[in-house]
Amino acid sequence: MNESAQSVIKKYKSLFSLSGKTALISGANSGIGKEIAKAFLLCGTNVIICSRTAGKDRSLNKFLSEIKQDNITSLCTESDFVPQVISIPCDITDEDSVNDLLEKITEKFSTIEILVNSAGINILEPACDYSINSFESVLDVNVKGMFLLSREVGRMFMIPQKYGRIVNISSVKGMIGASENYLAYCTSKGAVNMFTKQLACEWGKYGITCNAIAPTYVRTNINKDQLDDPEFRKYLVDRIPLCRIGKLEDISAAALYFSSDLASFVTGQVLCVDGGLTSRQ
Ligand SMILES: NC(=O)c1ccc[n+]([C@@H]2O[C@H](COP(=O)([O-])OP(=O)(O)OC[C@H]3O[C@@H](n4cnc5c(N)ncnc54)[C@H](OP(=O)(O)O)[C@@H]3O)[C@@H](O)[C@H]2O)c1
């Protein structure tokens, strides 16, 4: 059967479209999560930001006003849907705080189609001195927090509506070790990768995909002290085939892909956005 050019255009527009959807992003008041939030807003997607200090930073609201003022039409579709952004403080390691978040979301939005688990922390300590407190803190945010948010958003919205996109921000350190100080972080990101695969297997039948993005270094609050050391930066860049560290938009591009229907047959994957780092011995 021959498809007309018009119907092919329509098909691809709808595959690219994120307009009118609603995304919850943990850790979106800074770094990678914030860049993903900007990309969603430009695509006409409502954004809910959650983190412990969510609401203190108003720059995403300013960004949205600029979009509205300049009448910037949506990046991925011609729809004139105007998105909203709201910030809700939440500690994702605390079940009550997560329940409170979900309750507040239902006052404003009828559903969530996209969940991006970007909140994460790292505590650098050598393995033999790694404290139980530090180890638990890293696993609490990076793994338990992701689990709590995913379970609740799945139960409340994605499973009943038989549609959802879950995108977890993992790390190349979930696949390859670092020289030292990364015991809890590497352990947590390895867990994120298996969490992603298992949830993909369990929730595929509900039309929910679950994928992960594994970046190498991108300069954010989590690592700016390390990356501002020229010697350390050179050591990193020398090992990356594409000869640079990551940019925020490298990661948000992958998040847009996994969140859209371009990736509707892709689930359980961990995509390294790492300039080729993990391809090199
Ligand atoms: N930057 C990199 O090079 C890199 C590389 C690989 C992977 N990653 C991963 O990318 C993700 C984002 O990190 P980033 O680089 O963007 O660092 P970031 O700017 O420090 O962002 C981390 C976010 O997590 C939030 N957060 C921390 N604890 C939380 C909690 N208990 N409850 C809710 N939110 C919490 C923080 O907000 P509050 O302080 O307000 O809670 C912050 O917004 C992390 O999962 C990180 O492991 C980063």
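Residues numbered from 1 in each chain as written. Predicted model: local features only at pLDDT ≥ 70, side-chain atom pairs only at ≥ 80, totals over all residues.

**Student:** Would you mind going over the overall build of the protein with me for this structure?
**Tutor:** Summing up its helical and strand segments, the protein has nine helices and seven strands in all. Over its C-alpha atoms the protein spans a radius of gyration of 19 Å, differing by no more than 12% from the 19 Å that the globule rule assigns to 281 residues. Over its C-alpha atoms, taken along the principal directions, the protein stretches across nearly 60 × 45 × 40 Å. Summarising the internal contacts of the protein: among those between residues at least 6 apart in sequence, 76% fall at separations of at least 24. (Helix = DSSP H or I, 4+ residues; strand = E, 2+ residues; numbered from the N terminus. Rg over C-alpha atoms; globule rule 2.2 N^0.38 Å. Contact = placed C-beta atoms within 7 Å.)

**Student:** When you look at the site of the ligand in this model, what are you seeing that I'm missing?
**Tutor:** Residues in contact with the ligand amount to 29 residues; listed here are only the nearest, Gly 27, Gly 31, Arg 52, Thr 53 and Gly 120. Every element with two or more residues in the shell around the ligand is listed here: helix 2 (31–42) and helix 5 (132–161). No other element matches helix 2, which puts three residues into the shell around the ligand. In the shell around the ligand, the residues fall into 11 nonpolar, 16 polar and two charged. (Near = placed C-beta within 6 Å. Nonpolar A, V, L, I, M, F, W, Y, C, P; charged D, E, K, R; others polar.)

**Student:** What is the right way to look at the pairing of strand 1 (residues 22–26) in this model?
**Tutor:** Remember that side chains alternate between the two faces of the sheet whenever the strand is regular. Counting buried positions along strand 1 yields five of five residues, so the element is predominantly enclosed. Where strand 1 lies against strand 2 (residues 46–51), five bridges are found, and the strand directions are parallel. Paired with Ser 26 across the two strands is Cys 50, which belongs to strand 2. In terms of handedness, the path from strand 1 via helix 2 over to strand 2 forms a crossover that is right-handed. In this sheet, strand 4 (residues 114–117) lies alongside strand 1 in parallel orientation, the contact comprising four bridges. Following the sheet pairing, Leu 24 is matched in strand 4 by Leu 115. (Buried ≥ 20, exposed ≤ 12 C-beta atoms within 10 Å, placed from the backbone. Pairing = 2+ DSSP bridges. Right-handed = clockwise from strand over helix to strand, strands pointing away.)

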